[in-house]
Amino acid sequence: MSISLNTCILILKEHHLLKSSAVQDTVATKMDYVSYDSRDIQTNTLFFCKGAGFRPTYLSMAKDNGAICYVAEQPYPEGKGMHALIVRDVSKAMALLSAAFFRFPQDDLYVVAFTGTKGKTTSAYFLKGMLDQANGGKTALISSVNDVVGPKPEDSFKSSLTTPESLDLFRDMRTAVDNGMTHLVMEVSSQAYKKNRVFGLTYDLGFFLNISPDHIGPNEHPNFADYLHCKLQLMVNSRKCIINAETAHFDEIYAAATTTTNPDSIYLFARENFENPDLKVPIDFRFASQELDMKETRFKLYCASDKAKKLPINGDYTLKMLGDFNESNGTAAIIGAGLAGLNHDQCAKGIRDVTIPGRMQIERTKSHGMVVVDYAHNKASMMALMSFMQNEFDNPNKIIVVVGAPGDKGVSRRPGFSESLTAYADKAFLTTDDPGFEDPKSIAEEIDSGIDHSKCDVTIELDRKKAIHDAIAMAGPDDVVLICGKGADAFQKIRGVNTPYPSDIVVAQNVINELEGQKEHFRK
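These notes cover the structure that comes with them. Since the model is a prediction, treat every value here as computed from it, not as a measurement.

Let's talk about the state of the cysteines
Here is step 1: Here the structure, examined in full by the defined rule, presents zero disulfides.
Here is step 2: The thiol of Cys69 is unpaired, and the distance to the nearest cysteine sulfur, on Cys8, comes to 6.4 Å.
Here is step 3: Taking relative accessible area as the criterion, Cys69 reaches 0% and is therefore assigned buried.
Here is step 4: Here Cys347 stays unpaired: no disulfide links it, and the sulfur of Cys303, its closest cysteine neighbor, is 10 Å away.
Here is step 5: Judged by its relative accessible area of 0%, Cys347 falls in the buried class.

Looking at the pattern of salt bridges
Here is step 1: Counting across every chain of the model gives 28 salt bridges.
Here is step 2: Among the salt bridges present, the one from Arg286 reaches Glu275, with a minimum N-O distance of 3.9 Å. Note that Arg286 is positioned in strand E16 (residues 285–292) and Glu275 in the loop between strand E15 (266–271) and E16, a separation of 11 residues in sequence.
Here is step 3: Here the salt bridges share partners, and the residues they tie into one network are Lys158, Asp433, Asp434, Lys486 and Asp489.

A short note on the side chain of Ser189
Here is step 1: Looking at where Ser189 falls in the secondary structure, it is placed in the loop between strand E12 (183–187) and helix H6 (190–194).
Here is step 2: According to the relative accessible area criterion, Ser189 is buried, its value standing at 13%.
Here is step 3: When residues no more than four places from it in sequence are discounted, the contact partners of Ser189 are Thr162, Thr163 and Arg197.

Some words on the pairing of strand E14 (residues 238–244)
Here is step 1: With five of seven residues buried, E14 lies mostly within the body of the structure.
Here is step 2: Here strand E13 (residues 203–208) pairs with E14 via five bridges, running parallel. In the strand pairing of E14, Gly206 is matched with Cys241.
Here is step 3: Note that E14 and E15 share four bridges and pair parallel. Considered in E15, the bridge of Asn244 is made with Phe269.
Here is step 4: Regarding the hand of the β-α-β motif, the stretch spanning E14, helix H8 (residues 250–258) and E15 is right-handed.

Concerning the packing of helix H3 (residues 90–101) against helix H5 (residues 166–178)
Here is step 1: With their axes 8 Å apart at the nearest point, H3 and H5 run at an angle of 15 degrees to one another. Relative to H5, the element H3 is oriented roughly parallel. Our pair here, H3 against H5, has a crossing hand that is right-handed. For the pair H3 and H5, the contacting residues are Ser91, Met94, Ala95, Ser98 and Ala99 in the first and Ser166, Leu167 and Phe170 in the second.
Here is step 2: Looking at the contact of H3 with H5 residue by residue, the classes come out as five nonpolar, three polar and no charged.

Each value, and the rule that gives it
Residues numbered from 1 in each chain as written. Predicted model: local features only at pLDDT ≥ 70, side-chain atom pairs only at ≥ 80, totals over all residues. Heavy atoms only, no water. Disulfide = S-S within 2.5 Å. Buried < 20%, exposed > 50% of the residue type's maximum accessible area, 1.4 Å probe, protein only. Salt bridge = Lys/Arg side-chain N within 4 Å of Asp/Glu carboxyl O. Helix = DSSP H or I, 4+ residues; strand = E, 2+ residues; numbered from the N terminus. Contact = heavy atoms within 4.5 Å. Pairing = 2+ DSSP bridges. Right-handed = clockwise from strand over helix to strand, strands pointing away. Axes fitted to C-alpha atoms, helices over the stretch in contact; angles between N-to-C directions. Parallel < 35°, antiparallel > 145°, perpendicular 65-115°, else oblique. Left-handed = near helix turned anticlockwise from the far one by under 90°. Nonpolar A, V, L, I, M, F, W, Y, C, P; charged D, E, K, R; others polar.

This is the structure:
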């Protein structure tokens, strides 16, 4: 693959991004590699000077290693002798030029995107399971858990960002196309739009699941309005929009969808008994609980409107993923599968056995109650998880929670943790969860300061493995232990380093084995 300097200039001019260019010889020059990392350079590389941490010395390194052209928001003396493209926004330029370099792989994929404060990962996995059922496993995935770009084991790998940097995203999409993948299901975070990681990308289907305050802080969104604005961009950039009618800020979300999409291509879904007298448009799909237990979730989906009835997806569905909140995620995914051409039987078979590493992984113990490992990492997901446990078990004796908050980001989550623990938890172990460059003790104390201790007893235990051990050890037969936040993550992010950590699943398994002397106890 390659891209000519002339093509780069034309693309940047077309999008009014090019401020100036310094071309050393001829615009026929071609670049055979693209990178934003000075350590990852090949001969004839197009190099992007991006990021708050960029230093001019990185450009020198890139030049020495074979970069012949750089894209930046200002000229650098270190780039003397190189072609230079000076742009108004380097992150937007990188997205557009990366798409072109990798030959616009989105044009060869049916691209589906999910956004929302909670439920993105589960919905994405549900839809991938159904599409794989119909297309023989040719569905790529970009998620906060794993990325899948092909059918072989080496084509699946742990993701580093919910939505990758644009250059990495388009490279992965090209790899998926070259590997024969026909569909792509991806999570799109608010940061993806804030940082222009998906700039210029249009989706065949775009889902808006829900929204509540999250990711607000010094290194993320300055306020909720900015967070919502970034989320809304998914609706503006989707050919068909599917919206949860129960979400907060529905009017703003629907209005954003209608700016670029005809109402005939906007679909709404909600629970069977949901009513909103202010809703000015009909709800297309309804879903209703059939049965909830600790083995499976059953619900029924109804096609309510005339346009919804054109999709043959009406009927009963069963999920291995537990929790009434997963009925909503499942409904969204089924609608997406229907719009992609699947029928009820294909959907029901494809979604039935979907599981996600670290999501609602449940095990009953002999004498220490039920242990649940889940990625729940904000107020909305914590409240949904604890509410389900309380209702499903008809008020268990105690709800014991192990949780922490990450450092350097998601600062706005911490009061939400305090509120959710006060509302539902009897005992909380506040511990370490990717503290980054912050002091984990300070983070735990910040959460603790907002908890009503007359309702929830708190222990601060920064050793996460010990916190999990102590929580399970203190639990009685009728208690529920919720281990929240890290799920299957096998590392802790500490001062810029991914420090090995066994994962909550493995730690919990070892504790159960130790306490009850069982082998292979934790259900995979």
